[in-house]
Amino acid sequence: MIYLRTRWAAIRRHPILAAAALLLVILCIVFGALIGFLPGMAALAVFAVFVWWVVLEVAAWRRRSRHTATDSRGETRTAVIAAVGVVVIGFGLMQAVPYGRDHANPPVTGEPTWSSDATRALMVRACYQCHSSEVQYPAYASIAPTSWAVQRHIDEARGAINYSQFATDPGEADETIQVIRDGSMPPAYFTRFGINPGAKLTDAERDALIAGLEKTPGMAEGR
Ligand code: HEC
(Lines give C-alpha, C1' and ligand atoms only; values in the text may rest on other atoms or scores of the structure.)
Protein backbone atom coordinates (compact mmCIF):
# COMPACT_ATOMS: atom_id res chain seq x y z
CA MET A 1 0.00 0.00 0.00
CA ILE A 2 2.76 2.37 0.99
CA TYR A 3 4.61 1.35 -2.14
CA LEU A 4 1.64 2.21 -4.32
CA ARG A 5 1.12 5.52 -2.55
CA THR A 6 4.73 6.63 -3.04
CA ARG A 7 4.62 5.53 -6.70
CA TRP A 8 1.38 7.39 -7.25
CA ALA A 9 3.02 10.46 -5.73
CA ALA A 10 5.96 10.03 -8.13
CA ILE A 11 3.59 9.86 -11.09
CA ARG A 12 1.74 12.97 -9.87
CA ARG A 13 5.07 14.81 -9.66
CA HIS A 14 5.71 14.00 -13.32
CA PRO A 15 2.41 14.29 -15.15
CA ILE A 16 3.96 15.15 -18.52
CA LEU A 17 6.34 12.20 -18.36
CA ALA A 18 3.56 9.82 -17.37
CA ALA A 19 1.33 11.15 -20.14
CA ALA A 20 4.14 10.78 -22.69
CA ALA A 21 4.72 7.16 -21.65
CA LEU A 22 1.00 6.41 -21.88
CA LEU A 23 0.81 8.09 -25.29
CA LEU A 24 3.72 5.99 -26.58
CA VAL A 25 2.02 2.80 -25.41
CA ILE A 26 -1.22 3.82 -27.12
CA LEU A 27 0.66 4.69 -30.34
CA CYS A 28 2.34 1.27 -30.27
CA ILE A 29 -1.01 -0.45 -29.91
CA VAL A 30 -2.63 1.61 -32.66
CA PHE A 31 0.33 0.89 -34.94
CA GLY A 32 -0.01 -2.81 -34.04
CA ALA A 33 -3.68 -2.74 -35.03
CA LEU A 34 -2.87 -1.03 -38.34
CA ILE A 35 -0.23 -3.62 -39.30
CA GLY A 36 -2.32 -6.59 -38.15
CA PHE A 37 -0.15 -7.30 -35.11
CA LEU A 38 -2.11 -5.82 -32.21
CA PRO A 39 -1.41 -8.47 -29.53
CA GLY A 40 2.30 -8.50 -30.34
CA MET A 41 2.73 -4.73 -30.26
CA ALA A 42 0.60 -4.41 -27.11
CA ALA A 43 2.73 -7.04 -25.35
CA LEU A 44 5.92 -5.30 -26.45
CA ALA A 45 4.74 -1.90 -25.22
CA VAL A 46 3.61 -3.21 -21.86
CA PHE A 47 6.84 -5.14 -21.43
CA ALA A 48 8.93 -2.04 -22.27
CA VAL A 49 7.07 0.02 -19.66
CA PHE A 50 7.59 -2.75 -17.13
CA VAL A 51 11.36 -2.85 -17.75
CA TRP A 52 11.49 0.97 -17.60
CA TRP A 53 9.68 0.88 -14.27
CA VAL A 54 12.12 -1.71 -12.88
CA VAL A 55 15.10 0.40 -14.02
CA LEU A 56 13.62 3.46 -12.28
CA GLU A 57 13.01 1.45 -9.11
CA VAL A 58 16.62 0.31 -9.06
CA ALA A 59 17.84 3.87 -9.65
CA ALA A 60 15.66 5.18 -6.81
CA TRP A 61 16.82 2.41 -4.50
CA ARG A 62 20.48 3.18 -5.23
CA ARG A 63 19.90 6.88 -4.57
CA ARG A 64 18.23 6.11 -1.26
CA SER A 65 20.96 3.71 -0.15
CA ARG A 66 23.57 6.36 -0.91
CA HIS A 67 21.49 9.06 0.75
CA THR A 68 21.80 11.25 -2.31
CA ALA A 69 19.22 13.96 -2.34
CA THR A 70 17.21 14.23 -5.55
CA ASP A 71 15.06 16.92 -6.95
CA SER A 72 12.25 16.59 -9.41
CA ARG A 73 14.53 17.57 -12.30
CA GLY A 74 17.00 14.84 -11.41
CA GLU A 75 14.18 12.31 -11.41
CA THR A 76 12.95 13.50 -14.78
CA ARG A 77 16.42 13.23 -16.28
CA THR A 78 16.87 9.68 -14.97
CA ALA A 79 13.46 8.68 -16.29
CA VAL A 80 14.09 10.09 -19.77
CA ILE A 81 17.56 8.52 -20.03
CA ALA A 82 16.15 5.18 -18.83
CA ALA A 83 13.32 5.37 -21.39
CA VAL A 84 15.72 6.05 -24.26
CA GLY A 85 17.97 3.25 -23.01
CA VAL A 86 15.12 0.76 -22.83
CA VAL A 87 13.96 1.61 -26.36
CA VAL A 88 17.46 1.56 -27.93
CA ILE A 89 18.71 -1.56 -26.17
CA GLY A 90 15.34 -3.28 -26.54
CA PHE A 91 15.30 -2.55 -30.27
CA GLY A 92 18.81 -3.99 -30.61
CA LEU A 93 17.93 -7.14 -28.67
CA MET A 94 14.80 -7.66 -30.79
CA GLN A 95 16.99 -7.88 -33.90
CA ALA A 96 18.78 -10.88 -32.38
CA VAL A 97 15.57 -12.95 -32.16
CA PRO A 98 15.71 -15.64 -34.88
CA TYR A 99 11.93 -15.73 -35.55
CA GLY A 100 11.18 -14.08 -38.89
CA ARG A 101 14.77 -13.94 -40.11
CA ASP A 102 14.79 -17.18 -42.08
CA HIS A 103 13.30 -16.10 -45.39
CA ALA A 104 13.48 -19.54 -47.00
CA ASN A 105 10.40 -20.81 -48.84
CA PRO A 106 8.95 -24.32 -48.36
CA PRO A 107 8.86 -26.63 -51.42
CA VAL A 108 6.40 -26.28 -54.29
CA THR A 109 4.36 -29.48 -54.66
CA GLY A 110 1.83 -28.42 -57.26
CA GLU A 111 -0.51 -25.48 -57.86
CA PRO A 112 -4.20 -25.55 -58.72
CA THR A 113 -4.99 -25.98 -62.41
CA TRP A 114 -5.54 -22.27 -63.02
CA SER A 115 -8.09 -21.59 -65.76
CA SER A 116 -5.70 -19.10 -67.40
CA ASP A 117 -2.35 -17.39 -67.00
CA ALA A 118 -4.18 -14.15 -66.24
CA THR A 119 -5.97 -15.80 -63.30
CA ARG A 120 -2.68 -17.05 -61.93
CA ALA A 121 -1.06 -13.64 -62.40
CA LEU A 122 -3.82 -11.94 -60.38
CA MET A 123 -3.53 -14.54 -57.63
CA VAL A 124 0.25 -14.02 -57.51
CA ARG A 125 -0.22 -10.26 -57.21
CA ALA A 126 -2.89 -10.35 -54.51
CA CYS A 127 -2.22 -13.52 -52.54
CA TYR A 128 1.18 -15.08 -53.14
CA GLN A 129 3.06 -12.81 -50.75
CA CYS A 130 1.44 -14.87 -47.97
CA HIS A 131 -0.22 -17.98 -49.39
CA SER A 132 2.60 -19.50 -51.46
CA SER A 133 6.11 -20.89 -51.50
CA GLU A 134 7.20 -17.95 -53.65
CA VAL A 135 7.17 -15.24 -50.99
CA GLN A 136 9.52 -12.37 -51.71
CA TYR A 137 10.10 -10.74 -48.38
CA PRO A 138 9.82 -6.92 -48.42
CA ALA A 139 12.51 -4.75 -46.82
CA TYR A 140 10.41 -4.15 -43.71
CA ALA A 141 10.46 -7.91 -43.10
CA SER A 142 14.12 -7.64 -42.09
CA ILE A 143 13.56 -5.39 -39.08
CA ALA A 144 11.92 -6.57 -35.87
CA PRO A 145 9.18 -6.18 -34.75
CA THR A 146 7.61 -5.83 -38.22
CA SER A 147 9.55 -8.93 -39.34
CA TRP A 148 7.69 -10.88 -36.65
CA ALA A 149 4.36 -9.57 -37.86
CA VAL A 150 5.15 -10.54 -41.47
CA GLN A 151 6.34 -14.02 -40.49
CA ARG A 152 3.28 -14.61 -38.36
CA HIS A 153 0.94 -13.58 -41.18
CA ILE A 154 2.76 -15.87 -43.61
CA ASP A 155 2.77 -18.80 -41.17
CA GLU A 156 -0.96 -18.39 -40.52
CA ALA A 157 -1.73 -17.86 -44.20
CA ARG A 158 0.16 -20.98 -45.29
CA GLY A 159 -1.54 -22.88 -42.47
CA ALA A 160 -4.90 -21.98 -44.03
CA ILE A 161 -3.89 -22.51 -47.67
CA ASN A 162 -0.57 -22.57 -49.51
CA TYR A 163 -1.46 -22.47 -53.23
CA SER A 164 2.04 -23.76 -54.11
CA GLN A 165 1.17 -26.96 -52.23
CA PHE A 166 -2.45 -27.23 -53.35
CA ALA A 167 -1.76 -30.62 -54.98
CA THR A 168 -0.72 -32.20 -51.68
CA ASP A 169 -2.82 -30.12 -49.27
CA PRO A 170 -5.74 -28.04 -50.57
CA GLY A 171 -6.42 -26.74 -47.04
CA GLU A 172 -9.11 -24.06 -47.15
CA ALA A 173 -8.75 -23.41 -50.88
CA ASP A 174 -12.48 -24.02 -51.29
CA GLU A 175 -13.06 -20.65 -49.60
CA THR A 176 -10.94 -18.75 -52.12
CA ILE A 177 -13.74 -17.21 -54.18
CA GLN A 178 -15.73 -16.41 -51.07
CA VAL A 179 -12.95 -14.46 -49.28
CA ILE A 180 -12.23 -12.43 -52.42
CA ARG A 181 -15.91 -11.71 -52.95
CA ASP A 182 -16.49 -10.58 -49.36
CA GLY A 183 -13.31 -8.48 -49.48
CA SER A 184 -11.62 -10.09 -46.46
CA MET A 185 -8.60 -11.13 -48.57
CA PRO A 186 -6.05 -9.71 -49.07
CA PRO A 187 -6.28 -8.36 -45.50
CA ALA A 188 -6.67 -4.57 -45.23
CA TYR A 189 -3.41 -4.15 -43.33
CA PHE A 190 -1.49 -5.59 -46.29
CA THR A 191 -2.16 -2.64 -48.59
CA ARG A 192 -2.41 0.08 -45.93
CA PHE A 193 -0.04 3.09 -46.11
CA GLY A 194 0.45 2.41 -49.82
CA ILE A 195 2.53 -0.70 -49.13
CA ASN A 196 2.16 -3.61 -51.57
CA PRO A 197 0.14 -1.57 -54.09
CA GLY A 198 0.22 -4.50 -56.52
CA ALA A 199 -2.03 -6.50 -54.21
CA LYS A 200 -4.79 -3.92 -54.43
CA LEU A 201 -7.12 -5.08 -57.19
CA THR A 202 -9.45 -2.76 -59.05
CA ASP A 203 -13.11 -3.77 -59.20
CA ALA A 204 -12.61 -4.95 -62.78
CA GLU A 205 -9.58 -7.02 -61.82
CA ARG A 206 -11.47 -8.55 -58.93
CA ASP A 207 -14.37 -9.52 -61.16
CA ALA A 208 -11.96 -11.00 -63.70
CA LEU A 209 -10.20 -12.95 -60.96
CA ILE A 210 -13.46 -14.35 -59.60
CA ALA A 211 -14.56 -15.31 -63.11
CA GLY A 212 -11.23 -17.07 -63.65
CA LEU A 213 -11.47 -18.86 -60.31
CA GLU A 214 -15.01 -20.08 -61.10
CA LYS A 215 -13.37 -22.11 -63.88
CA THR A 216 -10.51 -23.33 -61.66
CA PRO A 217 -11.25 -26.60 -59.81
CA GLY A 218 -11.17 -26.49 -56.00
CA MET A 219 -11.71 -22.76 -55.45
CA ALA A 220 -15.26 -22.99 -54.09
CA GLU A 221 -17.10 -25.54 -52.01
CA GLY A 222 -18.23 -28.57 -53.96
CA ARG A 223 -16.30 -27.53 -57.07
C1 HEC B 1 -0.76 -10.37 -45.76
C2 HEC B 1 -0.91 -11.77 -45.95
C3 HEC B 1 -2.09 -12.30 -46.73
C4 HEC B 1 -2.43 -12.03 -48.03
C5 HEC B 1 -1.73 -11.11 -49.02
C6 HEC B 1 -3.60 -12.82 -48.30
N7 HEC B 1 -3.94 -13.55 -47.18
FE8 HEC B 1 -5.37 -14.96 -47.03
N9 HEC B 1 -4.97 -15.25 -45.07
C10 HEC B 1 -3.98 -14.60 -44.38
C11 HEC B 1 -4.03 -15.01 -43.00
C12 HEC B 1 -3.10 -14.51 -41.90
C13 HEC B 1 -5.07 -15.94 -42.88
C14 HEC B 1 -5.53 -16.72 -41.66
C15 HEC B 1 -6.12 -15.88 -40.60
C16 HEC B 1 -7.36 -15.20 -40.99
O17 HEC B 1 -8.38 -15.86 -41.21
O18 HEC B 1 -7.36 -13.95 -41.05
C19 HEC B 1 -5.64 -16.06 -44.21
C20 HEC B 1 -6.71 -16.90 -44.52
C21 HEC B 1 -7.14 -17.17 -45.80
C22 HEC B 1 -8.11 -18.20 -46.16
C23 HEC B 1 -8.79 -19.18 -45.22
C24 HEC B 1 -10.16 -18.72 -44.87
C25 HEC B 1 -10.15 -17.61 -43.85
O26 HEC B 1 -10.75 -16.57 -44.12
O27 HEC B 1 -9.52 -17.79 -42.80
C28 HEC B 1 -8.26 -18.12 -47.51
C29 HEC B 1 -9.16 -19.00 -48.39
C30 HEC B 1 -7.42 -17.04 -47.99
N31 HEC B 1 -6.75 -16.49 -46.93
C32 HEC B 1 -7.33 -16.65 -49.31
C33 HEC B 1 -6.61 -15.54 -49.75
C34 HEC B 1 -6.67 -15.05 -51.10
C35 HEC B 1 -7.49 -15.66 -52.20
C36 HEC B 1 -5.83 -13.98 -51.16
C37 HEC B 1 -5.59 -13.06 -52.34
C38 HEC B 1 -6.75 -12.46 -52.91
C39 HEC B 1 -5.23 -13.81 -49.84
N40 HEC B 1 -5.76 -14.76 -49.01
C41 HEC B 1 -4.28 -12.85 -49.50
C42 HEC B 1 -3.05 -13.72 -44.89
C43 HEC B 1 -3.04 -13.24 -46.20
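Computed from a prediction, not measured in an experiment: that's the story for all the values here.

A few words now on the overall build of the chain. Check the secondary structure of the chain and you find nine helices and zero strands. Taking 17 Å as the expected radius of gyration for a compact globule of 223 residues, we find that the chain reaches 24 Å, considerably beyond that expectation. The burial tally for the chain puts 33% of its 223 residues in the buried class. Considering only contacts within the chain whose residues lie at least 6 apart along the sequence, 74% involve residues at least 24 apart. Here the chain displays about 13500 Å² of accessible surface, and carbon together with sulfur accounts for 67% of that area. Computed over 21 positive and 19 negative side-chain charges, the inter-centroid distance for the chain is 20 Å.

Attention now moves to the coordination of the iron atom of the ligand. Looking at the iron atom of the ligand, the protein donor atoms are His131 (NE2) and Met185 (SD), and they sit 1.9 to 2.3 Å from it. For the iron atom of the ligand, the six donor atoms are set out with angles of 87 to 178 degrees between them, so the coordination reads as octahedral. Residue His131 is located in the loop between helix H5 (117-127) and helix H6 (146-160), and its partner Met185 is located in the loop between helix H7 (176-181) and helix H8 (188-191); the two are separated by 54 residues in the primary sequence. With a relative accessible area of 12%, His131 lands in the buried category. By relative accessible area, Met185 is classed as partly exposed at 35%.

So, about the packing of helix H1 (residues 2-13) against helix H3 (residues 38-65). The geometry of a pair of packed helices is captured by two quantities: the angle between their axes and the separation between those axes. It is at 13 Å that the axes of H1 and H3 come closest, and there the two elements cross at 100 degrees. The orientation of H1 relative to H3 falls into the category roughly perpendicular. Judged by residue contacts, Tyr3, Arg7 and Ile11 of H1 engage Trp53, Glu57 and Arg64 from H3. Counted by class, the contact of H1 with H3 contains three nonpolar, no polar and three charged residues.

Looking at the secondary structure, you find Arg7 in helix H1. Apart from residues no more than four positions distant in its own chain, Arg7 is found in contact with Trp53, Glu57 and Arg64.

Together, Glu172, Asp174, Glu175 and Glu221 line one region of the surface with negative charge. Mapped onto the secondary structure, Asp174 falls in the loop between H6 and H7. Overall, Asp174 belongs to the partly exposed group, its relative accessible area being 32%.

The subject of this paragraph is the domain arrangement of the chain. Domain parsing of the chain yields domain 1 (2-95) and domain 2 (117-214). Once you take the C-alpha centre of each, domain 1 and domain 2 turn out to be 38 Å apart. On the domain 2 side, the residues contacting the 11 residues of domain 1 number 12 residues. Together, the buried faces of domain 1 and domain 2 total about 960 Å²; carbon and sulfur atoms form 75% of this surface. If you look at where domain 1 meets domain 2, you find zero salt bridges. Across the domain 1-domain 2 interface, the total number found is three residue pairs in polar contact (both at pLDDT 80 or more).

Thresholds applied
Residues numbered from 1 in each chain as written. Predicted model: local features only at pLDDT ≥ 70, side-chain atom pairs only at ≥ 80, totals over all residues. Heavy atoms only, no water. Helix = DSSP H or I, 4+ residues; strand = E, 2+ residues; numbered from the N terminus. Rg over C-alpha atoms; globule rule 2.2 N^0.38 Å. Buried < 20%, exposed > 50% of the residue type's maximum accessible area, 1.4 Å probe, protein only. Contact = heavy atoms within 4.5 Å. Areas by Shrake-Rupley, 256 points an atom, 1.4 Å probe, with all protein chains shown as cover. Lys, Arg positive; Asp, Glu negative; His and termini not counted. Charge placed at Lys NZ, Arg CZ, Asp CG, Glu CD. Donors = N, O, S within 2.8 Å, 3.2 Å for Na, K, Ca; no water. Tetrahedral: all angles 85-135°; square planar, octahedral: opposite > 155°, others 65-115°. Axes fitted to C-alpha atoms, helices over the stretch in contact; angles between N-to-C directions. Parallel < 35°, antiparallel > 145°, perpendicular 65-115°, else oblique. Nonpolar A, V, L, I, M, F, W, Y, C, P; charged D, E, K, R; others polar. Patch = residues over 30% accessible without salt bridge, like charges linked within 9 Å, V, L, I, M, F, W, Y side chains within 5 Å. Salt bridge = Lys/Arg side-chain N within 4 Å of Asp/Glu carboxyl O. Domains from an automatic or database assignment. Buried area = accessible area lost by both parts, 1.4 Å probe. Polar contact = N/O pair within 3.5 Å; in protein donor to acceptor, adjacent residues only side chain to side chain.

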